[in-house]
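Per-entry structural report
Listed below are the residues making up each chain.
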Amino acid sequence: MKSAIHRKQLLSLAAFCTIGFATLTASVTPSHAAQDDPKMSWPQMSAERGKDLFAERGCVVCHAVNNVGGDIAPSLDASNMDQSRNPFEFFARMWRGADEMLHLQQADLGYQIDFSGQDLADIFAFTQDADMQERLTQSDLPDHIRDIIDNGPSIPME
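Residues numbered from 1 in each chain as written. Predicted model: local features only at pLDDT ≥ 70, side-chain atom pairs only at ≥ 80, totals over all residues. Heavy atoms only, no water.

**Structural notes on the side chain of Asp 122**
Tracing the sequence through the fold places Asp 122 in helix α7 (residues 117-128). We classify Asp 122 as buried; its relative accessible area is 1%. Within the structure, Asp 122 has its side chain in polar contact with the side chain of Arg 49 (distance 2.7 Å). (Helix = DSSP H or I, 4+ residues; strand = E, 2+ residues; numbered from the N terminus. Buried < 20%, exposed > 50% of the residue type's maximum accessible area, 1.4 Å probe, protein only. Polar contact = N/O pair within 3.5 Å; in protein donor to acceptor, adjacent residues only side chain to side chain.)

Written out as structure tokens, the structure reads:
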């Protein structure tokens, strides 16, 4: 008897959590977050600033956008981003590749790229904006970044 009651309570709790999570994720968007929860803040995202960061910081060494950049990591063209429209999923995918990315950054750039939360928000906005991506050209790349791309990665990818 206790087992049946306990199971019913667990199912009720699971249903409550599922509904609550669905409601939360549906209502928490950058335009609603500050209104819904004053403790939660979302940065204003700038795809244009993200484009500049993508080129200047060196993301483009490994990732191509608009056929500009390296090919040792997945392309980040907006047309390929269907599975990563959710910023949390996008950054979870980055996190899973963090070891390799950090290793390559150190080998090819000589340093580890440091991003603020605002930087990441802007880069995410750039990965989602096909019009802004069309504006990225080779001329946007600093000379040292272009040299790294032209010479290929220091560490062969397996």
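So that's the structure; there's more coming.
**With respect to helix α3 (residues 47-57)**
Ala 47, Gly 50, Lys 51, Leu 53, Phe 54 and Ala 55 are the residues of α3 that are buried. In this structure, the buried side of α3 is in contact with α4 (59-62), α7, α8 (130-134) and α9 (143-151). Following α3 by one or two positions, Gly 58 adopts a phi angle in the positive range, close to 110 degrees. (Contact = heavy atoms within 4.5 Å.)

**Quick look at the packing of aromatic side chains**
Throughout the structure, instances matching the rule amount to five aromatic pairs. Measuring from centroid to centroid gives 4.9 Å for Phe 90 and Phe 91, while their planes differ by 90 degrees, and the two rings are edge-to-face. Given the relative accessible area of 5%, Phe 90 is considered buried. A relative accessible area of 24% means that Phe 91 is categorised as partly exposed. Ring plane angle 45 degrees and centroid distance 6.1 Å describe the contact between Phe 91 and Phe 124, whose orientation is recorded as tilted. One end of the pair, Phe 91, is in helix α5 (residues 87-96); the other, Phe 124, is in helix α7, with 33 residues separating them in the sequence. Chaining the aromatic ring pairs together yields one cluster made of Phe 90, Phe 91 and Phe 124. (Phe/Tyr/Trp six-rings, centres within 6.5 Å; stacked < 30°, edge-to-face > 60°.)

**Looking at the side chain of Gln 133**
Looking at where Gln 133 falls in the secondary structure, it is placed in helix α8. A relative accessible area of 4% places Gln 133 in the buried class. What Gln 133 contacts, discounting residues up to four positions off in sequence, is Val 65, Asn 66, Leu 76, Asp 77, Ala 78, Phe 126 and Thr 127.

**Some thoughts on the packing of α5 against α7**
The N-to-C vectors of α5 and α7 enclose an angle of 105 degrees; their axes lie 11 Å apart at closest approach. Between α5 and α7, the angle falls in the class roughly perpendicular. Touching Pro 87, Phe 90, Phe 91 and Met 94 of α5 are Leu 120, Phe 124 and Thr 127, all from α7. Split into classes, the residues belonging to the contact of α5 with α7 amount to six nonpolar, one polar and no charged. (Axes fitted to C-alpha atoms, helices over the stretch in contact; angles between N-to-C directions. Parallel < 35°, antiparallel > 145°, perpendicular 65-115°, else oblique. Nonpolar A, V, L, I, M, F, W, Y, C, P; charged D, E, K, R; others polar.)

**Let's talk about the environment of Arg 85**
Locating Arg 85 in the fold gives a position in the loop between α4 and α5. For Arg 85, a relative accessible area of 39% translates into the label partly exposed. For Arg 85 and Gln 128, which are 43 residues apart along the polypeptide, the C-alpha to C-alpha distance reads 7.2 Å. Not counting residues up to four positions away in its chain, the partners in contact with Arg 85 are Ala 78, Phe 124 and Gln 128.

**Some details on the state of the cysteines**
Under the defined criterion, the tally for this structure stands at zero disulfides. Between Cys 59, a free cysteine, and Cys 62, which holds the nearest cysteine sulfur, the sulfur-to-sulfur gap is 9.0 Å. With a relative accessible area of 13%, Cys 62 lands in the buried category. (Disulfide = S-S within 2.5 Å.)

**Here's the deal with the confidence of the model for the chain**
For the chain, mean pLDDT is 78; residues scoring 70 or higher make up 72% of the total. When mean pLDDT is taken per element in the chain, α3 scores highest with 97 and helix α1 (residues 2-27) scores lowest with 37. Below pLDDT 50 for its whole length, residues 2-29 participates in six contacts with residues either more than four positions away or in separate chains. (pLDDT = per-residue confidence, 0-100.)

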